[in-house]
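Spelled out from the first residue to the last, the chains are:
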Amino acid sequence: MPVLPGSPPIEIALRRSASARRFSLRVSRLDGRVTLSMPLRAREAEALRFANEQADWIRTTLSQMP
């Protein structure tokens, strides 16, 4: 499972989907798990680059959770 660097490091679950047409990030309200959905043919490096670009959003969303 890839990890988003920083403080604290965040684990990201990658999920390939046949119906996905673009990258999509989700943060679970139940347990704070971060999931990155991606098209079947997308490269993992591209997905991780997208996650790094969205790091501020991920951390803000996680910090707002109870």
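Now for a description of the structure that goes with this document. (Residues numbered from 1 in each chain as written. Predicted model: local features only at pLDDT ≥ 70, side-chain atom pairs only at ≥ 80, totals over all residues. Heavy atoms only, no water.)

## Here's the deal with the pairing of strand β2 (residues 10-17)
Step number 1: Bridge count for strand β1 (residues 3-4) against β2 is two bridges, and the pairing is antiparallel. Within β2, the position partnered with Leu-4 by the bridge is Ile-10.
Step number 2: The pairing of β2 with strand β4 (residues 34-39) spans six bridges and is parallel. Bridge pairing in β4 places Arg-16 opposite Met-38. (Pairing = 2+ DSSP bridges. Helix = DSSP H or I, 4+ residues; strand = E, 2+ residues; numbered from the N terminus.)

## Here's the deal with the environment of Arg-16
Step number 1: As for its position among the elements, Arg-16 is in strand β2.
Step number 2: Looking at Arg-16, the relative accessible area reads 41%, which means it is partly exposed.
Step number 3: Considering only alpha carbons, one finds Arg-16 and Ala-47, 31 residues apart in sequence, at a separation of 10 Å.
Step number 4: Every residue in contact with Arg-16, bar those within four places of it in the chain, is listed here: Met-38, Pro-39, Leu-40, Arg-41, Ala-42 and Glu-44. (Buried < 20%, exposed > 50% of the residue type's maximum accessible area, 1.4 Å probe, protein only. Contact = heavy atoms within 4.5 Å.)

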